[in-house]
Structure formats: C-alpha cells, structure tokens
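Each chain is listed here by its residues.
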Amino acid sequence: MVDTPKKVRVRFAPSPTGDLHVGNIRTALFDWAYARHTGGTFVFRIEDTDTTRVTDEYIAAAIDTLRWLGLQWDEGPEMGGDYGPYLQSQRMDIYAFWAEKFLDQKDAYRCYCTPAELEARRDAQRAANVAPGYDGQCRDLTSEQIARFEAEGRQSVIRMRMPDGQTTFVDQIRGEMSFDHNFVPDFVLVRGDGSPLYTLAVAVDDILMKITHVLRGEDLLSSTPRQIRVYQAMGVPLEDYPTFAHLPFVMGQDNVKLSKRNGEVSIAWYREQGYLPEAICNYLALLGWSPGEDREDVTMQELTELFTVERVHSSPAKFDMKKLESINGDKIRALTIDDFLTRSLPFLTSANVITGTDDEVRLVKAALPIIQERITKLNEVPAMLKFLFAKNFAVEADSVAKVSDPASKAVLTRALADLTPLTEWTHSSIEAVLRASLIEELGLKPRIAFGSVRIAVTGSTISPPLFESMELLGKSTCLERISAALAL
RNA sequence: GGCCCCGUCGUCUAGCGGCCUAGGACUCUGGCUUCUCAAGCCAGCUACGAGGGUUCGAAUCCCUUCGGGGCUACCA
C-alpha cells in the first residue's frame, strides 16, 4: 500500500535572547536543507514567550542573519503564510484558549504553590535523594482548598497533569526513545501572570502550523514527552504528531555546549570578520553531518540535494575556527571577480581605504585578482590594497631601516634610473627592466633586490606580486615613491 | 544524586562483519616551487577510550566499565 506522503513542513523556531549563534544556525541550516531536499515548506517562527529575555532588536537581527545566510523561509516573519502569526507573542489568545481547555478537561490544574515553597520542597527531595520535580501537591485540590488559596490572594500557575506510564517515540537520529513518567513531573503551562511557557507554545504551534518534522537541538530531547503530552490533551491523532530528530550539539573549545562564554559564537561577528555566508553554511553542514565519500566542498544547492537526516550524527561536534577559515579561503578563491568585488567594497569603505568613486572601484576590481588567493577573510582586503590608495603614503615603520641602508639605496637608484625611460608600463615590461638591471647587471638575489623595491613602492615587506602591483599603481606614483624612499 | 544522550587521528569526519597493516579534510612538521606573502604540489606525525563476549573474522553486533555532555525552572 502506497500512502501519499504528507507534504513536509519543517520549522526553525529560535528564541532570540541574543544574537543568533553558531549552534542556532547549524540547526536552521539543517531545517532549511531538509525542507528544500524534500520539496517541503520551511517555516520560521519566533519563540518570544519569555518577554523578559527576548527583545525586538534580537528578533530583527535574527531575521537579518537568516536572510544574509541565504536560508530563505517560506512562511514566517515579514513573509506571512497560512498559519500565522509567526511570532508567539502575537498568539497569546491561542495559548490561553488551549490552557483553559486543558483545565476543563482536567488534563491540567491550577497550582497555588509559591516559587519559594517549590524551591524548598525540591531541596528536600534532593536531600532525600529522591528525583526532584513537582510533587503533585495541588493535583487534587478540593474546592474549599482552592477557595482558601484564592482568598489568600495567591497566584496560580496552570500545570499539566502527567499520567502514569511512559512516552515512547521514534527519534529519526537516535532511534526509539522511551521516557518513564516517574521522571517527567507535572509541568507548568501558564505562568502566574497568565503568560504561556515554551512547553505549551511549541506544542500548540507545531500542531496548529501542521509541522511534520521537528529538527532541533539535543537539549530539547528530554522535553519531548511533555510536548507529546500536550498533543494528547489537544486531541491530536497519532498520525498528525510531528516526527522528531534531535541534532547533536555544537561544542566550544572547552567541550561544553557552545555559548557566549567560550569562543565567538555570534554570527554577526563572523559576518564582520569577512566570512562568507556560503563558507559558514558549508562548514556548519559538516558539523554533525557529512555527504560521505570524502566529500567536503558543497554549495548551498548541493547541500539541499545531498542532505538527509539519515546521515546526521548522534554525537556532538567541536567547532573549529581553523577549518572554517580554510573553507572560507576556498570559497573566496572560488568567487568570480564581480562577486568578489561586490563583497569587498563594504570592507574597503568602512576601513576608509576608498570612498567608493568609480575610479576607485575600477582600480579595486583590477587589483582583486592578485589578492584573491592571498586572503582567507574579506576583512583582509583593505590592508592588502591600501597601498594603492594611500593619500599620505608612508613606508611602514619596521621597514624603514631596510630601505635606508646603502645596498638598498643602490638598488633603488638603479631602479629609478632604468624605470624612468620606460614607455610601456606593464607588469611584464617592468619585470623585464628590473631583472635585467638589478639581477643580471648588479648580480643581486631577486628576493634582495625586489624586496627593496617592494618596500619603497608598497610600504611593506609583504604585498601582492610586485610587478602587478606597480602596474596598477601607475608609473608616476611608483617613481615618486622610489624617490621618496631614497630620501629616507 | 536521578533520568537521558554520546564515545574513530589534536579537530571535523569516511566506515554500517571481511575491501581497514583504518581513508579524506583542517591543524602541525619537513620539502618542492618562488620577487615577499599566499596559493599549489609532495612527504610525515597522530585514532577505533578500556575490558569482556558473539563470530572463521569486529572500528563495525552484545554486555560491563570509564569518560564527556544534556536535562532536572513560573528559560528555551
């Protein structure tokens, strides 16, 4: 029997309590890739039920980051869709409705225990070596008890009743999972102030938004029985439960789940450093997944073709900046010059190397080919090209001594003399002249001779290829700089 | 403490009972090339956490153990 597969609907549902970080993005990437691979729908939902921690700026940043990475969603903020709104803060009435319904059905109950009381009882449980968790005090309150609590002015939370037994489900990555309810205490759905908690909101939204697959971090694995409990209370038929797949963690250098405390985690930071979105995605795709067959280099398109949950690992991966850098370098080298130019310009202007005039842009474009294989991050472009634009050019402090010794002066004097009459100013004609005079006639080692010229012309011992650089700089500027170096 | 997840080079991984004296990539080391720096090419170092089984045969299956991590909130 062939059953018509339901159209896949995957969601990425972050709670933006800060900038989206590496771990979040890895999850988003897998969500996106899975949706694209299956021809399904990628839903983006903001979990902002904790209003004390989620801010509008973070939400805006999250949207921006996802766009920048090219993880375009089909439904979500700024996009709409048939199952909106996609901000949980705009769905409060929905959660209130279900919480009330659960109360009516006796699946949930009001709990009048204060935080302090709960805390004290949990401590006692720990001391007695009993599994800590809600002890069920308010599970079966009489109407007199309720009346008394209300009269005292106590606030109440709405707590889900966890029946005896166990919850079993199949995780696509980890296989069959089974949780005994003895270790899943009654949990809070609605706070004392009436606002819903994650546990209520995720479950309700995943069902209402017809989510078929939940790919999320492993930290949520043990909360799955609670979500399933909510599905049951909602009266959702088994076949409409989403399929779960819990992704392994991305760890920091100290082997702890990556967080702000260890290493750079904010994607915004990587963007500022000049990492390419496709490099970040390619690298992150390799954390917990691999296309197999010794393959590592994948484009976004290939990722959507190759990605399957079956190939996702169950073990955590450590984030390695070195490897990211290496991939970033590869991706930069793979850029077309026009693309490379578009992406480099913002770095050059914000570093005040250029203002953005047409002439400047033309020169940058001409120079990019000679630096493309020399950088690993876009933020290195300004330093590489600044010698072409420096209004008040000056030889770097550490290099002054090297050009001012007699041997160097001799080289520069000769170079200046032989370059001055040169009519055709190309890298090959410049090289021909300099080789003939400095290497052959003066008998100098190329690294010595060209080193002096390099410092004089580019101001540094390290630069793009010398002759190409000189061609780009232009004859008059080169001669001026050599003369100036002679005066040092 | 309890519940749960995980365990191949330093790191990411290939491997799903014989093709493995364990392959690739990053890192590191040495070399080649060379106008600097890169890039590129070549070579090298380094791993199946441990102990028991099952089997003719185990990195691959089972058990134990050790190690790492997560959860244990009116956070998500």
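All values derive from a computational prediction rather than experimental measurement. (Residues numbered from 1 in each chain as written. Chains lettered and ligands numbered in written order. Predicted model: local features only at pLDDT ≥ 70, side-chain atom pairs only at ≥ 80, totals over all residues.)

**Considerations on the overall build of chain A**
Item 1. When you go through chain A residue by residue, the secondary structure sums to 20 helices and 11 strands.
Item 2. When the backbone C-alpha atoms are referred to their principal axes, chain A occupies close to 105 × 60 × 40 Å.
Item 3. Going through the 488 residues of chain A one by one, you find that 35% of them count as buried. (Helix = DSSP H or I, 4+ residues; strand = E, 2+ residues; numbered from the N terminus. Buried ≥ 20, exposed ≤ 12 C-beta atoms within 10 Å, placed from the backbone.)

**What about the protein's contact with RNA strand B?**
Item 1. Taken together, 65 residues are adjacent to RNA strand B, and Ser-15, Tyr-198, Ser-315, Pro-446 and Leu-466 come closest.
Item 2. For the surface near RNA strand B, the elements supplying multiple residues, two or more each, are helix H4 (115-127), strand S6 (175-180), strand S11 (317-318), helix H11 (321-333), helix H18 (446-458) and helix H19 (466-473).
Item 3. In terms of residue count, the dominant contributor to the surface near RNA strand B is H18 (4 residues).
Item 4. Of the residues that constitute the surface near RNA strand B, the class distribution is 26 nonpolar, 20 polar and 19 charged. (Near = placed C-beta within 6 Å. Nonpolar A, V, L, I, M, F, W, Y, C, P; charged D, E, K, R; others polar.)

**Focus on the sheet that holds strand S4 (residues 157-160)**
Item 1. Strand order in the open sheet formed by 3 strands is S3-S4-S7, and the pairing between neighbours is antiparallel. The open sheet is flanked by strand S3 (108-111) and strand S7 (188-190), the only strands paired with a single partner. Strand-to-strand twist of the sheet, defined as the mean angle between neighbouring strand axes without regard to direction, takes the value 45 degrees.
Item 2. Alignment of S4 against S7, held across 2 bridges, turns out to be antiparallel. Each residue of the ladder has a partner; that of Arg-159, found in S7, is Val-188. (Pairing = 2+ DSSP bridges. Axes fitted to C-alpha atoms, helices over the stretch in contact; angles between N-to-C directions.)

**Some thoughts on the packing of H18 against helix H20 (residues 475-486)**
Item 1. Interaxial distance between H18 and H20 falls to 8 Å at its minimum, and their mutual angle equals 105 degrees. With respect to their mutual orientation, H18 and H20 come out roughly perpendicular. Residues Ile-455, Ala-456 and Val-457 of H18 pack against Cys-478, Arg-481, Ile-482 and Ala-485 of H20.
Item 2. Its residues placed into classes, the contact of H18 with H20 shows 6 nonpolar, no polar and 1 charged. (Parallel < 35°, antiparallel > 145°, perpendicular 65-115°, else oblique. Contact = placed C-beta atoms within 7 Å.)

**Overview of the packing of helix H1 (residues 22-38) against helix H9 (residues 277-285)**
Item 1. Across the interface, H1 lies against H9 with an axial gap of 10 Å and an inter-helix angle of 85 degrees. When the interaxial angle is binned, H1 and H9 end up roughly perpendicular. Counted together, Ile-25, Arg-26 and Leu-29 of H1 and Cys-281, Leu-284 and Ala-285 of H9 form the full contact between these two elements.
Item 2. Along the lines of polarity and charge, the residues of the contact of H1 with H9 split into 5 nonpolar, no polar and 1 charged.

**Here's the deal with unusual backbone geometry**
Item 1. Residue Gly-84 is joined to Pro-85 through a cis peptide bond whose omega torsion reads -5 degrees.
Item 2. Along the chain, the position of Pro-85 falls in the loop between helix H2 (56-69) and helix H3 (92-104).
Item 3. Of note, Glu-78 is a non-glycine position whose phi angle comes to about 60 degrees, a positive value.
Item 4. Mapping Glu-78 onto the fold places it in the loop between H2 and H3.
Item 5. Judged by the 10 C-beta atoms lying within 10 Å of it, Glu-78 falls in the exposed class.
Item 6. Not every positive phi belongs to a glycine, and Lys-106 is a case in point at roughly 65 degrees.

**Considerations on H20**
Item 1. Relative to the 16 Å expected for 12 residues at 1.5 Å per residue, H20 spans 17 Å between its end C-alpha atoms, a close match to the ideal helical length.
Item 2. Looking only at H20, the buried set comprises Cys-478, Arg-481, Ile-482 and Ala-485. Looking down the long axis of H20, one finds its buried residues gathered within 100 degrees of arc, a one-sided arrangement.
Item 3. Tucked inside the fold, the buried residues of H20 contact helix H15 (397-404), helix H16 (406-419), H18 and H19. (Expected span 1.5 Å × (residues − 1). Arc of directions from axis to C-beta.)

**Some words on H16**
Item 1. The first and last C-alpha atoms of H16 sit 20 Å apart over 14 residues, in line with the 20 Å expected at 1.5 Å per residue.
Item 2. Taken as a whole, H16 has its buried residues at Ser-408, Val-411, Leu-412, Ala-415 and Leu-419. Here the buried residues of H16 occupy an arc of 95 degrees about the axis, which is enough to place them on one side. Seen from the buried face of H16, the exposed residues on the opposite side, beyond 90 degrees, are Pro-406 and Ala-417.
Item 3. Against the buried residues of H16 lie H15, helix H17 (427-441), H18 and H20.

**Thoughts on the pairing of strand S2 (residues 41-44)**
Item 1. Every second residue of S2 is oriented toward a common face, with Thr-41 and Val-43 on one face and Phe-42 and Phe-44 on the other, all of them buried.
Item 2. Examined bridge by bridge, strand S1 (residues 9-12) and S2 share 4 bridges and lie parallel to one another. Looking across to S2, one finds that Val-10 is bridged to Phe-42.
Item 3. As a crossover connection, the stretch from S1 through H1 into S2 is right-handed. (Right-handed = clockwise from strand over helix to strand, strands pointing away.)

**Comments concerning the confidence of the model for chain A**
Item 1. Residues of chain A with pLDDT of at least 70 account for 97%, and the chain-wide mean is 92.
Item 2. Element-level pLDDT for chain A is lowest in H15, with a mean of 83, against a maximum mean of 98 in S2.
Item 3. Scored by ipTM, the complex comes to 0.94, with pTM at 0.93. (pLDDT = per-residue confidence, 0-100.)

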